[in-house]
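# Chains, contacts and geometry: an overview
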Amino acid sequence: MTASVTVRVPAKVNVQLAVGGLRPDGFHDLANVFLAVGLYDEVTVAPADERRVTCTGPDAGQVPLDRTNLAARAALALAERHGRDGRVHIHIDKDIPVAGGMAGGSADGAGALLACDALWGTGASREELLEICAELGSDVPFSLVGGAALGRGRGELLTPLEVGGTFHWVFAVADGGLSTPAVYAECDRLREASGTGAGVADVPDPEASAALLDALRTGDAVALAAAVSNDLQAAAVSLRPSLAATLAAGTEAGALAAMVSGSGPTTAFLVTDEAEAAKVADALRGSGTCRTVRLTSGPAPGAQVLRG
């Protein structure tokens, strides 16, 4: 057996997040356009006497190390399917912001799944890995696939998308996190309060924007900026009003588009190029409205075995 396996897995930004009405099962149908970006966690797995998780990195103290960790759940799910005991040491070198709407936990789940498959030689098919990912969470399949994709259902049913260029981003990381279920619940509450209703019968079926998909395909950042949208943004700002100041600071600095990333509280700013990214990042750092700032670009590849 290999001594250890290390997998690199990317963060994501939702360039469109269209949220349907509340279903009877408590979920929402989505049209979720994912773009993987070049901020990565590295997940290393090695044989051990018991299954355990360790983590290092800027936000490591916020990462659960018990059985609720998606990486631990991924290892257990694969082990149960293939008759393994699942005793493995999972180490996460974390660079993706925690609880920031960038799928850091989902990335770790996908990374651990791919790493354990390589470590144990289970030979799971891509379809089986994606099936396990979907069982773990709505964003986990995309973390495995990377690039760009349209997610339907709860976001787990993926259609790869063509991207015709590189898109440059600045991410402003807020203090603390936001609970994804709380943000969806606030979205439902705001819809009820507006008088439109929040159920499946009240909210139009979510659809991907044709203009947005075309902008991705042609690599047109200006057109993409005009088409980005996030139905959870109002709810995230309602729960964390300080995000409005962060969004305003990035916009005033010249960002083409400013949006909450996923369920937040990280905010994402689309810019034309690296020089503009540096300018917007400097302005955000000086604004006092965020904890830290990260610059990167996309699309980025999905989970990849680096070593092992």
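Higher on the page you've got the structure.
Criteria and thresholds
- Residues numbered from 1 in each chain as written.
- Predicted model: local features only at pLDDT ≥ 70, side-chain atom pairs only at ≥ 80, totals over all residues.
- Heavy atoms only, no water.
- Buried < 20%, exposed > 50% of the residue type's maximum accessible area, 1.4 Å probe, protein only.
- Helix = DSSP H or I, 4+ residues; strand = E, 2+ residues; numbered from the N terminus.
- Pairing = 2+ DSSP bridges.
- Salt bridge = Lys/Arg side-chain N within 4 Å of Asp/Glu carboxyl O.
- Axes fitted to C-alpha atoms, helices over the stretch in contact; angles between N-to-C directions.
- Parallel < 35°, antiparallel > 145°, perpendicular 65-115°, else oblique.
- Left-handed = near helix turned anticlockwise from the far one by under 90°.
- Contact = heavy atoms within 4.5 Å.
- Expected span 1.5 Å × (residues − 1).

## Section: the pairing of strand S10 (residues 267-271)
Of all the five residues making up S10, five are buried; the element is thus mostly covered by neighbouring parts of the structure. Covered by surrounding structure in S10 are Thr267, Phe269 and Val271 together with Ala268 and Leu270, the residues of both alternating faces. Relative to S10, strand S9 (residues 257-260) runs antiparallel, the two sharing four bridges. Counterpart to Ala257 in the pairing with S10 is Leu270.

## Focus: the pattern of salt bridges
For the structure shown, the criterion picks out 18 salt bridges. One salt bridge connects Arg294 with Asp95, and the closest N-O pair in it is separated by 2.7 Å. In this pair, Arg294 sits in strand S11 (residues 292-298) while Asp95 sits in the loop between strand S4 (88-93) and helix H2 (104-120), placing the two residues 199 residues apart along the sequence. The class of Arg294 is partly exposed, set by a relative accessible area of 21%. Taken together, the shared-partner salt bridges in this structure form one network comprising Arg81, Glu128, Glu131 and Glu135.

## Points about the packing of H2 against helix H3 (residues 126-136)
Contact geometry for H2 and H3: axes closest at 10 Å, N-to-C directions at 140°. In terms of orientation, H2 lies oblique with respect to H3. Judged by the sense of rotation from one axis to the other, the crossing of H2 with H3 is right-handed. Contacts from Leu113, Leu114 and Asp117 in H2 reach Leu129, Ile132 and Cys133 in H3.

## Points about the side chain of Asn230
Within the fold, Asn230 resides in strand S8 (residues 229-230). Residue class for Asn230 comes out buried when judged on its relative accessible area of 11%.

## Regarding H2
Helix length check: H2 (17 residues) gives 24 Å between terminal C-alpha atoms against 24 Å at 1.5 Å per residue, within 8%. Burial within H2 is extensive, with 15 of its 17 residues counted as buried. Gly121 occupies a position one or two residues after H2 and carries a positive phi of about 65°.

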